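Geometric and topological summary
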Amino acid sequence: MIEFIQQGEACAIQGSLSQQQVIELWSKRRKLFSPSTQVLDLSGITYVDSAGVALLLELAHLSHKGSPKRQSPRMFIKPSKPLSKMIELYDLEVFVQ
């Protein structure tokens, strides 16, 4: 199970982010956090696979319905250990602060 916990302009993501969760979340991706969210706190991710990484990248660039297109991606902070391995593997350090 994955949770999205809004905390001002940050959203903490907690739980497992696997292909099955991505399938379930994909149609709801524009409603997982508020349009004002600038930072995704990834410290609570306990498991992630390549589908989960793809969803995170989509969330980084996602504009909410009715919102103007994002000029810059949201930043990722505090990646968990499992996610850090994937970030290194896919050379995604540019998204992490």
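Overview of the structure.

**What about the overall build of the chain?**
Looking only at helices and strands, the chain has three helices and four strands in total. Reading the helices (α) and strands (β) of the chain from amino to carboxyl end gives β-β-α-β-α-β-α. Based on the C-alpha atoms only, the size of the chain along its principal axes is roughly 35 × 25 × 20 Å. Each of the 97 residues in the chain was classed as buried or not, and the buried ones make up 45%. Intrachain contacts of the chain at a sequence separation of at least 6 include 64% that bridge at least 24 residues. Between the centroid of the 11 positive side chains of the chain and the centroid of its 9 negative side chains there is a distance of 8 Å.

**Here we look at the environment of Lys 31**
Residue placement: Lys 31 occurs in the loop between helix H1 (19–25) and strand E3 (39–48). Spatially, the C-alpha atom of Lys 31 lies 25 Å from that of Val 94, the residues being 63 residues apart in sequence.

**Brief notes about the environment of Arg 29**
Along the chain, the position of Arg 29 falls in the loop between H1 and E3. Assessed through its relative accessible area of 16%, Arg 29 is described here as buried. Taking the C-alpha atoms as reference, Arg 29 lies 12 Å from Ile 2; in sequence the two are 27 residues apart. In this structure, Arg 29 is in contact with Leu 55, Glu 58, Leu 59 and Leu 62, ignoring residues within four places of it in sequence. A distance of 2.7 Å separates the side chain of Arg 29 from the backbone oxygen of Trp 26, its partner in a polar contact.

**Concerning helix H3 (residues 81–89)**
Along H3, the residues classified as buried are Leu 83, Met 86 and Ile 87. The buried residues of H3 all sit within an arc of 105° when viewed along its axis, so they share a single face. Across from the buried face of H3, at angles greater than 90 degrees, the exposed residues are Lys 81, Lys 85, Glu 88 and Leu 89. Residues of H3 that are buried make contact with E3 and helix H2 (50–61). Of the residues trailing H3, Asp 91 is marked for its positive phi of about 55°.

Rules used throughout
Residues numbered from 1 in each chain as written. Predicted model: local features only at pLDDT ≥ 70, side-chain atom pairs only at ≥ 80, totals over all residues. Heavy atoms only, no water. Helix = DSSP H or I, 4+ residues; strand = E, 2+ residues; numbered from the N terminus. Buried < 20%, exposed > 50% of the residue type's maximum accessible area, 1.4 Å probe, protein only. Contact = heavy atoms within 4.5 Å. Lys, Arg positive; Asp, Glu negative; His and termini not counted. Charge placed at Lys NZ, Arg CZ, Asp CG, Glu CD. Polar contact = N/O pair within 3.5 Å; in protein donor to acceptor, adjacent residues only side chain to side chain. Arc of directions from axis to C-beta.

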